[in-house]
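Coordinates in review
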Amino acid sequence: MSAPTPTIRVQAEDFDLPSELLALTKGRHDIGAVVTFSGLCRDEQGALSALELEHYPGMAEAEMTRIASLALERFSLLGLTAVHRYGKIMPGENIVLVIAAAPHRQAAFDGANFVMDFLKTSAPFWKKEHAVDGSARDWVSAKDADDQAQEKWR
Amino acid sequence: MSAPTPTIRVQAEDFDLPSELLALTKGRHDIGAVVTFSGLCRDEQGALSALELEHYPGMAEAEMTRIASLALERFSLLGLTAVHRYGKIMPGENIVLVIAAAPHRQAAFDGANFVMDFLKTSAPFWKKEHAVDGSARDWVSAKDADDQAQEKWR
Amino acid sequence: MAKLVYFAWVRERIGKSEEELDLPAQVTTVRDLLDHLKTLGEEYEHALQYPEVIRVAINQEHVEHSETIAGAREIGLFPPMTGG
Amino acid sequence: MAKLVYFAWVRERIGKSEEELDLPAQVTTVRDLLDHLKTLGEEYEHALQYPEVIRVAINQEHVEHSETIAGAREIGLFPPMTGG
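Residues numbered from 1 in each chain as written. Chains lettered and ligands numbered in written order. Predicted model: local features only at pLDDT ≥ 70, side-chain atom pairs only at ≥ 80, totals over all residues. Heavy atoms only, no water.

As for the nonpolar core
Spelled out, the test is: In these notes, a set of buried Ala, Val, Leu, Ile, Met, Phe, Trp, Tyr and Cys residues joined through side-chain atoms within 4.5 Å is what counts as a nonpolar core. Summary of the burial criterion: residues with accessible area below 20% of their type's maximum are buried, those above 50% are exposed, and those between are partly exposed, where the area comes from a 1.4 Å probe applied to protein chains only. What counts as a helix is a DSSP run of H or I of at least four residues, what counts as a strand is a run of E of at least two, and both are numbered from the N terminus. What makes two residues a contact is simply this: any of their non-hydrogen atoms within 4.5 Å.
Membership of the largest hydrophobic core comes to 73 residues, with the highest contact counts inside it found for Leu77(A), Leu80(A), Val98(A), Leu119(A), Leu80(B), Val98(B) and Leu119(B). It is helix H3 (residues 105-122) of chain A that provides the largest number of residues to this core, a total of nine residues. If we skip the residues at most four places from it in the chain, Leu119(A) touches Met64(A), Ile67(A), Val96(A) and Val98(A).

Quick notes on the packing of aromatic side chains
Our working rule: Stacked, edge-to-face and tilted labels apply to pairs of Phe, Tyr and Trp rings (six-membered ring for Trp) whose centres lie within 6.5 Å, assigned for plane angles under 30 degrees, over 60, and everything in between, in that order. Cation placement over rings: the criterion is NZ of Lys or CZ of Arg within 6 Å of the ring centroid and within 35° of the ring normal.
According to the stated counting rule, one finds 20 aromatic pairs over all chains in the structure shown. For the pair Phe114(A) and Trp153(A), a centre-to-centre distance of 5.5 Å together with 75 degrees between the ring planes defines the contact as edge-to-face. Of the two residues, Phe114(A) sits in helix H3 while Trp153(A) sits in the segment after helix H4 (144-151), which places them 39 residues apart along the sequence. The buried category is assigned to Trp153(A), whose relative accessible area is 10%. In this structure an aromatic cluster arises from ring pairing among Tyr56(A), Trp126(A), Phe7(D) and Phe78(D). Sitting over the ring of Trp9(C), Arg13(C) keeps its end group 4.3 Å from the ring centre.

Here's the deal with the sheet that holds strand S8 (residues 137-139) of chain B
Paired through backbone hydrogen bonds, the strands of a sheet run either parallel or antiparallel to each other. All names here are of chain B. Basically, it comes down to this: For two strands to be treated as a pair, DSSP must find no fewer than two bridges joining them. Interaxial angles span 0 to 180 degrees and are taken between N-to-C directions of axes, which are lines fitted to C-alpha atoms, for helices over the stretch in contact.
Reading across the sheet, the four strands line up as S5-S3-S7-S8 and stay open at both edges, with antiparallel pairing between neighbours. Looking at the sheet topology across the chains shown, the edges are occupied by strand S5 (87-89) and S8. Averaged over all adjacent pairs, the angle separating strand axes in this sheet is 25 degrees, with direction ignored.

A short note on the relation of the copies chain A and chain B
Keep this limit in mind: Our superposition of the copies is a least-squares fit, built on the C-alpha atoms of residues whose pLDDT is at least 70 in both.
The operation relating chain A to chain B is a screw motion whose rotation component is 180 degrees, with 0.0 Å of axial translation and a residual RMSD of 0.0 Å. This pairing of chains is accounted for by a two-fold axis. The rotation axis passes nearest to the C-alpha of Thr36(A) in chain A, at a distance of 2.6 Å. Both copies contact each other with a shared surface, as 100% of the interface residues of chain A are interface residues in chain B too.

And the structure:
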């Protein structure tokens, strides 16, 4: 049986987790486990007024699709959705959503976790922080921890 | 800072993931990652007409609270919700929900995964399968794999 | 007097979900209790045939079979859990 | 002629998001390209000061710095990704 087609979107507007969840699972009786991951904008103890997400149009979707396909096959997932926003995002708002559906729980956890680890290090998105006082507008530095997180799947 | 209080419920009626998610995250700007786990009733390729979930009232809530408190402390979670249903559950319906919120993604993944592994082996619930043909009504056997899954957190 | 509560197939095989029992003085641990119950009739024998698989809770907390039952208000007997 | 696209602080430092460039014949790999760009002015020098941290995509796929740029329709230069 070939792996299902992932749902991949890159968009400025917010996403609706319940709708995405329903689209993935509705009417199905073979799914035993669904894991969702939502990444949200934190305010860094009040220091951050917003994040600005830049992306490489076309390549962002292509990389997300590639990562999702790897996960679908590796963990025999029954469905996978990944949505990533770009543009200005305020504290408390959504940045990214990943949903993985599988017959059993560990595959669903691993599928979503794998996709997030690879999105962090491979999908062409960049975050810029806007400080509350308007002074600093710094690009977020890539974390060694993220590269290490990806290594765990080798 | 003391760990937050988990939301724990054992109930016959279905739960609403979006409401539970909102209750955990609304108005907060310190949460960077939320992982939800939904466990659903599968129909086992059409062989299963329903699951019947029996539980030990009082002890079920107590064990879920104990497991949730362990997870909150171990992974420094910002919030945790666990809801487990009992009674008759049809294929495609929800059985269990776990939501873990944290500043960063791996803690949210680990928190939800940890709670599910311990719920499986320690929370006093038992599943009975109802076959489509009405003939068999068998109690589900505990899986060695579930005990092993719990071992990974030692 | 101890209150015993049974779940899942332990409950089904014993044929009741709970009961109050007078226990002999020499029954002091969970293991003693399981051995004693097996003498109460074939439904108990059937339910507790393999005592090592039976999980036990005292006052709604999991305990080992070596645990004392002194002070137990409620003792639960059940198969390995299969929730989640 | 190669189309170059820049993102994040690479884009900001170079001061444009894309351009078409005629590349000398001896520029055959990504590493050659980065070295060549650094000669085009101080804004390039500033952006590509530490070429080892620059990530490169050819035709929207990640490539190593040792990769050839032959056949590239579009070459993207950017810092390490920080999405998710």
